[in-house]
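Residue-level listing of the chains:
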Amino acid sequence: MKSLTISDHQISEPLQFIDKPVPQAKSGQVVVQVKAAALNHRDQWIREGKYPNIQMGTTLGSDGAGVVSALGEGVDSIWLGKEVIINPNRDWGTNSNVQSAQYNILGMPTDGTLAEYVLVNADRLVEKPVHLNFEEAAALPLGGLTAFRAVFHHGQCVKDQHVLISGVGGGVAQFAFLFAKYTGAQVWVTSGSQEKITECIRLGAQGGFNYKEEDWTNEAKKAGGFDLVIDSAGGDQINTFIKLMRPAGRIVFYGATTGIPSQLDLHRMFWNQITLQGSTMGNDTEFVKMVDFVRMHEVRPIIDSVRSFDEAISAFDEMKSGSQFGKLVLSL
Ligand SMILES: NC(=O)c1ccc[n+]([C@@H]2O[C@H](COP(=O)([O-])OP(=O)(O)OC[C@H]3O[C@@H](n4cnc5c(N)ncnc54)[C@H](OP(=O)(O)O)[C@@H]3O)[C@@H](O)[C@H]2O)c1
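Residues numbered from 1 in each chain as written. Predicted model: local features only at pLDDT ≥ 70, side-chain atom pairs only at ≥ 80, totals over all residues.

S.K.: How should the domain arrangement of the protein be read in this particular structure?
M.R.: Note: interface size is frequently given as the accessible area lost on complex formation between the parts. On domain assignment, one finds that the protein holds domain 1 (2-140 + 301-331) and domain 2 (145-278). Domain 1 and domain 2 are separated by 28 Å when their C-alpha centres are compared. Contacts between the two partners involve 8 residues from domain 1 and, on the opposite side, 6 residues from domain 2. Here the residues of the side of domain 1 that touches domain 2 sort into 3 nonpolar, 4 polar and 1 charged. (Domains from an automatic or database assignment. Contact = placed C-beta atoms within 7 Å. Nonpolar A, V, L, I, M, F, W, Y, C, P; charged D, E, K, R; others polar.)

Structure representation (structure tokens):
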């Protein structure tokens, strides 16, 4: 079967299509024929060698949707032929608050979804919501889960709150935007692209600000302060958010794309009782709840583009440039 793997880092940003045998399901496992897969920035970090524990020859990909094509011993026969999405969590562990030391994500170090078939434990399967096609369903797992935990578990998002989603063009951020909006919060966005802001307003955002413009915070102040900010850029912009918060507001961050802040406005934080909260992925219960939420509200992921598996490398390049809006999906 055709699979997209990470190869020798002697070459700059190495990705290679290689032929691998179709995996065989052992006890408790299933083989899923991948119909669509989606990219996450994690895949690009791995491509650049900026991820821990990279194993050369591993098939990349954490996001996938498809049809169960083979069952290992002990797996309920009801799954055979089912249309599914795959929970990319592996070994979250028993503490719902934080992942175990063994925690890892499908697609490194184990073979992932950027292949015609993927092997997973049967308990990773969730039935595909019927309102989504395979391409839309494949967009959901990693980004949806990360956004769900950030918005609800840590962010405690509820109706009518003022919420700011930073860098809404990102694969996770667009889900944070959609989840907060479907909860009835009043949602503003930031982006480096006016087009993405305009599209979010069309989809129900109250307004948006271009973080590349010097005076964007003056505009943002007119929103009357935020109860919740969801961010993955990090850097000194965190201090801007601290200034924009309502008292007792929460800043939840799940990435630090622009690095660590050179300083942190602790005075304003303690006086205004601001929480700065890190978040990573989500536990298995949250994955099921996230899919239920998507099903109940008939949420449709924002998809930048769907292209053929052969064009996967161009999708990686686009993600690196940051020009996409929403998820980059590959159809197999
Ligand atoms: N902790 C976790 O579990 C977890 C899970 C998923 C991702 N992450 C991390 O979160 C980050 C985003 O991941 P992703 O997959 O969503 O990436 P992505 O799809 O590549 O999105 C990156 C987005 O970051 C935004 N951005 C860039 N510079 C910014 C700035 N100065 N201020 C605000 N936004 C800025 C851009 O938004 P605009 O296009 O709107 O300008 C861009 O589209 C990565 O660092 C990733 O490793 C962590």
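S.K.: Help me understand the pairing of strand S5 (residues 83-86), please; the structure alone is not making it clear to me.
M.R.: In terms of strand pairing, strand S4 (residues 63-71) meets S5 through 3 bridges, oriented antiparallel. Among the inter-strand pairings, valine 67 is bridged to a residue of S5, identified as glutamate 83. Alignment of S5 against strand S9 (residues 125-127), held across 3 bridges, turns out to be antiparallel. Across the sheet, the residue bridging to valine 84 is glutamate 127, located in S9. (Pairing = 2+ DSSP bridges. Helix = DSSP H or I, 4+ residues; strand = E, 2+ residues; numbered from the N terminus.)

S.K.: So what exactly am I meant to see when it comes to the sheet that holds strand S13 (residues 226-231) here?
M.R.: Here we have 6 strands laid out as an open sheet, ordered S12-S11-S10-S13-S14-S15, and parallel in their pairing. On the outer flanks of this sheet lie strand S12 (207-210) and strand S15 (275-278), each paired with one strand and no other. Strand-to-strand, the axes of this sheet are offset by a mean angle of 20°, without reference to chain direction. Pairing analysis gives 4 bridges linking strand S11 (residues 186-191) to S12, with the strands arranged parallel. Across the sheet, residue tryptophan 188 finds its bridge partner in S12, namely glycine 207. (Axes fitted to C-alpha atoms, helices over the stretch in contact; angles between N-to-C directions.)

S.K.: Could you clarify how one ought to interpret the site of the ligand in this entry?
M.R.: Not every one of the 30 residues close to the ligand is listed here, only the nearest: Gly167, Gly169, Gly170, Ser191 and Gly255. When contributions to the shell around the ligand are tallied by element, the ones reaching two or more residues are helix H1 (41-47), helix H4 (171-183) and S11. Residues of the shell around the ligand, tallied by class, amount to 9 nonpolar, 19 polar and 2 charged. The residue makeup of the shell around the ligand includes at least three contributed by each of domain 1 (2-140 + 301-331) and domain 2 (145-278). (Near = placed C-beta within 6 Å.)

S.K.: Mind showing me how you'd approach the nonpolar core here?
M.R.: Nonpolar side chains in soluble globular proteins tend to be buried together. Residues Val32, Ile165, Ala176, Phe177 and Ala180 are the most contacted members of the largest nonpolar core, which totals 90 residues. With 8 residues, the top contributor of residues to this core is H4. Domain assignment of the residues forming this core places at least three in each of domain 1 (2-140 + 301-331) and domain 2 (145-278). Beyond its immediate chain neighbours, meaning those up to four positions away, isoleucine 165 contacts Ala173, Ala176, Phe177, Ala180, Val187, Val189 and Ile230. (Core = buried A, V, L, I, M, F, W, Y, C linked by C-beta atoms within 7 Å. Buried ≥ 20, exposed ≤ 12 C-beta atoms within 10 Å, placed from the backbone.)

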